[in-house]
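# Structure assessment
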Amino acid sequence: MKLFKVDSGHYYTDGGAMMGVNPWALWGKSEPTDERRRIRLALDLLLIVGQGRVILVDSGIGNRLNEKQEKIYRPSEFILEESLADLGFKAADVTDVILTHLHFDHAGGLISAYPDGERATFPKAQLWIQKTEWEMAKNPDGLNQAAYNYHQQLQPLEDKVKINLVEGDASIAPGVKVKRTGGHSVGSQIVEIEAEGGFYIYPADIIPTLFHLPLAITSAYDVNRKETYLAKQYIHQTLKEKGGKLLFNHDNQHWEYSLI
Ligand SMILES: [Zn+2]
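Residues numbered from 1 in each chain as written. Predicted model: local features only at pLDDT ≥ 70, side-chain atom pairs only at ≥ 80, totals over all residues. Heavy atoms only, no water.

What follows covers the coordination of the zinc ion. Protein coordination of the zinc ion is provided by Asp105 (OD), His106 (NE2), Asp205 (OD) and His250 (NE2), with donor distances spanning 2.1 to 2.3 Å. Classification of the site at the zinc ion as irregular follows from its 4 donor atoms and the range of 89 to 157 degrees in their angles at the metal. Coordination of the zinc ion draws on donor residues from a single chain, spaced D-H-x98-D-x44-H in sequence. Asp105 gets classed as buried once you look at its relative accessible area, which sits at 5%. (Donors = N, O, S within 2.8 Å, 3.2 Å for Na, K, Ca; no water. Tetrahedral: all angles 85-135°; square planar, octahedral: opposite > 155°, others 65-115°. Buried < 20%, exposed > 50% of the residue type's maximum accessible area, 1.4 Å probe, protein only.)

Here helix 8 (residues 225-242) is 18 residues long and its end C-alpha atoms lie 26 Å apart, about the 26 Å a rise of 1.5 Å per residue gives. All of the buried residues along helix 8 are Thr228, Ala231, Lys232, Ile235, His236, Thr238 and Leu239. Its buried side turned inward, helix 8 meets strand 11 (189-195), strand 12 (198-202) and strand 13 (245-247). Measuring from the backbone nitrogen of Lys226 back to the side-chain oxygen at the start of helix 8 gives 3.2 Å, which picks out Asn224 as the cap. Positioned one or two residues after helix 8, Gly243 has a phi angle of 60 degrees, which is positive. (Helix = DSSP H or I, 4+ residues; strand = E, 2+ residues; numbered from the N terminus. Expected span 1.5 Å × (residues − 1). Contact = heavy atoms within 4.5 Å. Polar contact = N/O pair within 3.5 Å; in protein donor to acceptor, adjacent residues only side chain to side chain.)

The analysis is restricted to geometry; functional conclusions fall outside its scope.
Spelled out as structure tokens, the structure:
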């Protein structure tokens, strides 16, 4: 399997909430905040290609935010399809989309607005989502409500694309596995890849930036810090054993990162 970084744009989110228990004194100098105390977050997706499959991991924030959301999140232009084209792929070539979780900045790109209307960005792709995550997105409780947008981002797809609901760990393709971790959200999953260049983990929001690498540093968005901690412990240990690398989704400076 060959791996590619797909730049889908960036957006801004509250610096304190994103850094969670990590004090501003430690990150404030290297991650400047804007006038509304927000920091820039990359939206770097992973493309896994091989064995007849073109697998995208996460879909970015999309281009269908409403005016209020645009003001809060200051999203860049959604450049996912341009970035795929730079790598020689069209959205219609994508055979699978793995969603690490269904928060709006990861699932928002599944549907795009085009000059002639809105439709599935990846019309031929089957989706891979943890069942518990799907259920929470569909019917969120008070703790989770603000992070999902089921009616806008997911419901229109239900009868149009194949949605595989995974329970726990699963193999998606030869050398591509998902592992349910929970932690950041109830059904968060990480992706493990045996690629041409070695072993990789795309941890998504379990370790979204280099600042979140230490075991106890979690964002304030995480619904279960203990699960995030245990997931990070597993990731650190697995990468050390296999000499593998991390791939960061929200880091403005780093993409591949080796722990050893
Ligand atoms: Zn995120």
